[in-house]
Amino acid sequence: MKSVKKQLKEMPINAIRDVVYSNGIGRNTKELERVGPNKFYIHDFSNGWLMASLDLKQSIRYVKGSLNFLDIDWV
């Protein structure tokens, strides 16, 4: 299986991928959009529509679940 970093770097510009989190009972899906070589947008529809801009390093942490929701500058 490819590393998260490699998968994100191979995403075409303007491509959108689902990021799914599950705790066994509930499931939460976010969209990760690559908008530049080192720039990604996260779209969160769990409570309205939130959006945030992340760099590659932050995106990797977000996909792995190690970037806390409250540490992201949501718009």
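Residues numbered from 1 in each chain as written. Predicted model: local features only at pLDDT ≥ 70, side-chain atom pairs only at ≥ 80, totals over all residues. Heavy atoms only, no water.

Chemist: I'd like a rundown of the overall build of the protein chain, residues and numbers included.
Modeler: A count of helical and extended segments in the protein chain gives two helices and four strands. Traced from its N-terminal end to its C-terminal end, the protein chain shows the element sequence α-β-β-β-β-α. Viewed in the frame of its principal axes, the protein chain has a C-alpha envelope of about 30 × 30 × 20 Å. Out of the 75 residues in the protein chain, the part that is buried amounts to 29%. In the protein chain, the share of contacts with a sequence separation of at least 24, taken over all contacts with a separation of at least 6, comes to 25%. (Helix = DSSP H or I, 4+ residues; strand = E, 2+ residues; numbered from the N terminus. Buried < 20%, exposed > 50% of the residue type's maximum accessible area, 1.4 Å probe, protein only. Contact = heavy atoms within 4.5 Å.)

Chemist: Explain the nonpolar core to me, using residue names and the numbers behind them.
Modeler: Ranked by size, the top nonpolar core spans 15 residues in total, and within it Leu8, Tyr62 and Ile72 carry the most contacts. Within the residue set of this core, elements represented by two or more residues are strand 3 (39-44), strand 4 (50-55) and helix 2 (56-64). Ranked by residue count, the leading element in this core is helix 2, at three residues. Not counting residues up to four positions away in its chain, the partners in contact with Leu8 are Leu32, Arg34, Phe40, Leu56, Ser59 and Ile60. (Core = buried A, V, L, I, M, F, W, Y, C linked by side-chain atoms within 4.5 Å.)

Chemist: Run through the pairing of strand 2 (residues 27-36), naming residues and quoting values.
Modeler: Pairing geometry for strand 1 (residues 16-22) and strand 2, over seven bridges, is antiparallel. From the neighbouring strand, Val20 faces strand 2, where its bridge partner is Thr29. Both strand 2 and strand 3 contribute to a ladder of six bridges, which runs antiparallel. The residue bridging Arg34 from the neighbouring strand is Phe40, located in strand 3. Counting the residues in the hairpin turn of strand 2 and strand 3 gives two residues. (Pairing = 2+ DSSP bridges.)

Just geometry here; none of it tells us what the structure is for.
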